[in-house]
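# An overview of the molecular structure
Here's the letter readout for the chains.
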Amino acid sequence: MKVLVLTGPPGVGKGTQASLLKERIGALHISTGAVLRSEVESRSSLGRQVEATMAAGDLVEDEIIFMCLQRALVSGKGAPRGGGIVVLDGVPRNLRQVGMLDDALGEVGLRVDLAIALVAQVEELVSRLSRRWSCSACASVFSLEDAPASDLRCPTCGALGAVKRRADDEPDSIRHRFMVYDASTAPVLSAFASRGLLKQINGLASQEEVFAELKEAVDRIL
Ligand code: AMP
């Protein structure tokens with residue numbers, strides 16, 4: 001199995017592209033953010049522990065992240081259909097996590113084969129994030145100019161009144177998440193670049209154009 005790290009600033013489209021890889025080539029998509037959001041949604045003790053940190057746009061403790069990641073790797077084992085690829089969306093987020101990831105993958109005979117950074121200017125991403133809404137029932141994500149009316153049905157699953165803004169997509173958290181990205185996550189790109197594993201893709205191209213470039217890079221490691 002090959003391992004792709006998909007990285008880039010908030011709102012650049014990592015989740016969308018990872019979902020496309022899952023849908024179209026059967027990749028196993030692991031999003032640490034999505035795992036944590038479902039813990040928050042279900043009011044588990046882990047969810048309650050991380051809720052405030054996430055809402056503020058800060059990073060959750062490395063140890064918690066790796067516990068979630070290890071669980072997802074074990075429960076997803078054998079899940080990839082044709083592709084045999086696991087896409088890590090949102091991890092590693094700092095340099096310590098790069099080392100922790102090497103160790104965690106090494107234990108199961110894997111390593112990072114490719115890191116793709118989706119890149120874009122901050123101003124465009126801030127505007128995208130302020131229009132981002134998602135369904136708390138089916139987790140699909142979409143763009144809306146205005147706050148949704150209370151009788152809006154989710155365009156994907158039809159759930160009533162379930163369309164909400166992520167707590168960390170509130171304007172103050174958005175700004176903070178970019179600061180955290182610059183300080184903690186941007187150095188991760190250099191770490192993968194120095195290993196010759198990094199490819200950068202313009203995240204502002206259309207969804208299909210980004211996917212085409214991504215897929216071409218992925219095909220080279222399969
Ligand atoms: P995301 O969906 O990837 O934007 O993640 C949402 C939030 O979950 C982040 O802002 C962090 O609070 C937390 N989170 C997700 N992945 C990590 C990680 N690798 N390290 C620390 N915190 C994380």
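Our structure's up above, just so we're on the same page.
Predicted model, so just to flag it, every value in this text is computed and none were measured. (Residues numbered from 1 in each chain as written. Predicted model: local features only at pLDDT ≥ 70, side-chain atom pairs only at ≥ 80, totals over all residues. Heavy atoms only, no water.)

A word on the site of the ligand. Within the structure, the ligand sits among 16 residues, and Thr32, Arg37, Asp58, Gly90 and Gln97 are positioned closest to it. Take Gly90: an N or O atom from its main chain is 2.9 Å from a nitrogen atom of the ligand. In this structure, Arg93 approaches the ligand through a side-chain N or O atom, which is 3.0 Å from an oxygen atom. In terms of residue class, the shell around the ligand is made up of six nonpolar, four polar and six charged. (Near = heavy atom within 4 Å. Polar contact = N/O pair within 3.5 Å; in protein donor to acceptor, adjacent residues only side chain to side chain. Nonpolar A, V, L, I, M, F, W, Y, C, P; charged D, E, K, R; others polar.)

What follows deals with the pairing of strand S4 (residues 114-119). The buried fraction of S4 is high, at five of six residues. Taken together, the five bridges between S4 and strand S8 (residues 198-202) define a ladder with parallel strand orientation. By the bridge assignment, Ala117 is partnered in S8 with Gln200. (Buried < 20%, exposed > 50% of the residue type's maximum accessible area, 1.4 Å probe, protein only. Helix = DSSP H or I, 4+ residues; strand = E, 2+ residues; numbered from the N terminus. Pairing = 2+ DSSP bridges.)

Further remarks concern the sheet that holds strand S6 (residues 141-143). Read across the open sheet, the three strands follow the order S6-S5-S7; overall the sheet is antiparallel. The sheet terminates laterally at S6 and strand S7 (163-164), the two strands that pair on one side only. Where strand S5 (residues 132-135) and S7 come together, two bridges link them in antiparallel fashion. Along S7, the bridge assignment pairs Ser134 with Lys164.

Glancing now at the pairing of strand S1 (residues 2-7). For S1, the buried fraction is high: five of the six residues fall into the buried class. Where S1 meets strand S3 (residues 85-89), five bridges bridge the pair, whose relative direction is parallel. Residue pairing across strands places Lys2 opposite Ile85, the latter belonging to S3. Direction of pairing for S1 relative to S4: parallel, over a ladder of four bridges. Looking at the pairing, Thr7 lines up with Ala117 of S4.

What follows deals with the pattern of salt bridges. A complete count under the given rule lists 17 salt bridges for this structure. The salt bridge involving Asp62 is made with Arg96; its shortest N-O contact spans 2.9 Å. One end of the pair, Asp62, is in helix H4 (residues 62-75); the other, Arg96, is in helix H5 (residues 95-107), with 34 residues separating them in the sequence. Classification of Asp62 as buried rests on a relative accessible area of 11%. A salt bridge links Arg165 to Glu170, with the shortest nitrogen-to-oxygen separation between them at 3.8 Å. With relative accessibility at 25%, the residue Arg165 sits in the partly exposed group. According to the relative accessible area criterion, Glu170 is partly exposed, its value standing at 37%. Among the charged side chains, a salt-bridge network with shared partners connects Arg132, Arg166, Asp168, Asp169 and Arg177. (Salt bridge = Lys/Arg side-chain N within 4 Å of Asp/Glu carboxyl O.)

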